[in-house]
Amino acid sequence: MQVAELQQNLVQHQHKENKIMCKKIQLSVSDTELHNHHHNSCGCDVDGCHKVEGEDLFIPPLNFAMVDNGIFRSGFPEPANFSFLQTLALRSIIYLCPEPYPEANMEFLKSNGIKLYQFGIEGHKEPFVNIPEDTIREALKVVLDVRNHPLIIHCKRGKHRTGCLVGCYRKLQKWCLSSVFDEYQRFAAAKARVSDQRFVELFDISTIKPLPITFSSFKRLD
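Conventions used here
Residues numbered from 1 in each chain as written. Predicted model: local features only at pLDDT ≥ 70, side-chain atom pairs only at ≥ 80, totals over all residues. Heavy atoms only, no water. Helix = DSSP H or I, 4+ residues; strand = E, 2+ residues; numbered from the N terminus. Buried < 20%, exposed > 50% of the residue type's maximum accessible area, 1.4 Å probe, protein only. Contact = heavy atoms within 4.5 Å. Expected span 1.5 Å × (residues − 1). Core = buried A, V, L, I, M, F, W, Y, C linked by side-chain atoms within 4.5 Å. Pairing = 2+ DSSP bridges. Axes fitted to C-alpha atoms, helices over the stretch in contact; angles between N-to-C directions. Phe/Tyr/Trp six-rings, centres within 6.5 Å; stacked < 30°, edge-to-face > 60°. Lys NZ or Arg CZ within 6 Å of the ring centre and 35° of its normal.

Looking at this structure, how should I read the environment of Phe108?
Among the secondary structure elements, Phe108 is positioned in helix H4 (residues 103-111). What makes Phe108 buried here is its relative accessible area of 7%. Between the C-alpha atom of Phe108 and that of Pro79, which follows or precedes it by 29 residues, the distance is 8.6 Å. Residues within four places of Phe108 in sequence aside, it is in contact with Phe82, Leu85, Gln86 and Ile114.

So this is what it looks like as C-alpha cells:
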C-alpha cells in the first residue's frame, strides 16, 4: 500500500473516531452554528434540539476534529461548547488570534485548570498574508510537549491559522504534501488559501526533532 493511501486511511479513521469519542454528541459540527444561534436567541426546546431535561447537551465547537492522540482542533469555542470541552479533560488551549480571550472563556479555563497559550497571528486575507514562521515554531513547541496534553488548537473558524499549524505538524509526521493539503482543504473548503499551503510547503522542519509513531496518550495525567 502506498504511503499516501495509508495517510488517507489514517485521516478517515480519525474522522470516525471524532464521531464516537464522546458518549453524547447530539449535533454534527455542521449544525453547531445553527444550534448555537437558536439556543442563544430563544433558549427553548424545539424539534431538533434533542435536549432532555436533566441531561447535559454536549456540542462540539465549529470545525472540531481530532488531530492526534491528545491533540484536537476547532473554531472558537462558545459557552455552549464548554460542556463538550470538559469531556476532553483538556490541559491546554492554543489560541492563534491576537484578540483578548473573552472573560467567559477565561473563567472556564480557570475553573477547569486549563492553561492558555496565545500566539497572536493576524487573520488577513490574500494577498496581504504574512504568516510569522517564528510564531508557528513557538506554537509547535507547545503542541509537541506532551506535558501540555490533552490540548486543543483553535483560531476563529478553525480553518487558516489552525490549518497552517496542523499542516506543519503533519510534515513532522512525514505526511506527503498531497495528504497535508487534502486535510487543509477539507476544513478551509471554499476559503482555502494558496498562501497557507505555500507556507506549509516551505516550512523547514529540519531543526525539529522527528515524531515517534505513537506520539502521545489521550488520558490526562494530573
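I'm lost on helix H6 (residues 160-172) in this one. Help?
The periodicity of an α-helix, 3.6 residues per turn, causes residues three or four places apart in sequence to face the same way. For H6, spanning 13 residues, the distance from its first C-alpha to its last is 19 Å, which sits close to the expected 18 Å at 1.5 Å a residue. Where burial is concerned, most of H6 is hidden: 13 out of the 13 residues are buried. Following H6 by one or two positions, Lys174 has its phi on the positive side, about 70°.

How should unusual backbone geometry be read in this particular structure?
Cis peptide bonds are those with omega within 30 degrees of zero, and the linkage from His149 to Pro150 qualifies with -5°. On the secondary structure map, Pro150 appears in the loop between helix H5 (133-144) and strand E5 (151-154). The backbone phi angle of Ala89 is positive, close to 55°, even though this residue is not glycine. For Ala89, the position within the fold is in the loop between helix H3 (82-86) and strand E3 (92-95). Even without a glycine there, the phi angle at Lys174 is positive, about 70°. Of note, Lys174 is situated in the loop between H6 and helix H7 (177-188).

What's the story with the nonpolar core in this structure? I'm lost.
Within soluble globular proteins, side chains that are nonpolar tend to cluster in buried spots. The biggest cluster of nonpolar side chains holds 48 residues, and the ones touching the most others in it are Ile94, Ile153 and Leu165. When residues in this core are grouped by element, the largest group, 6 residues, is from H6. Leave out the neighbours within four places in its chain, and Leu165 touches Ile94, Leu96, Ile136, Ala139, Leu140, Val143 and Ile153.

I'm lost on the sheet that holds strand E1 (residues 65-68) in this one. Help?
One open sheet holds the 5 strands; their spatial order is E1-E2-E5-E3-E4, and the pairing between them is mixed. Of all the strands in the sheet, the pair left with one neighbour each is E1 and strand E4 (115-118). Across the sheet, the mean angle from the axis of one strand to that of its neighbour is 25°, orientation sign disregarded. Across 3 bridges, the pairing between E1 and strand E2 (residues 71-74) is antiparallel. Residue pairing across strands places Met66 opposite Phe72, the latter belonging to E2.

What is the right way to read the pairing of E5 from this model?
In summary, the side chains of a regular strand alternate between the two faces of the sheet. Here E5 shows a buried face lined by Leu151 and Ile153 and a second buried face lined by Ile152 and His154. Summarising the sheet, E2 and E5 pair through 4 bridges and their orientation is parallel. Along E5, the bridge assignment pairs Arg73 with Ile153. Here E3 pairs with E5 via 4 bridges, running parallel.

Hey, could you run me through the packing of aromatic side chains in this one?
Between two aromatic rings, the relevant description is the distance of the centres plus the angle of the planes. With the rule as written, the count across this model stands at 7 aromatic pairs. Pairing Phe64 with Phe84 gives two aromatic rings, centres 4.9 Å apart and planes at 85°, and the pair type is edge-to-face. One end of the pair, Phe64, is in the loop between helix H2 (32-42) and E1; the other, Phe84, is in helix H3, and 20 residues separate them in sequence. Taking the relative accessible area as the measure of exposure, Phe84 reaches 0% and is therefore buried. A connected cluster of aromatic rings, assembled from ring pairs, spans Phe64, Phe72 and Phe84. Over the ring of Phe187 we find Arg73; its NZ or CZ atom is 3.7 Å from the centre of that ring. The ring of Trp175 carries Arg170 above its face, with NZ or CZ at 4.2 Å from the centroid.

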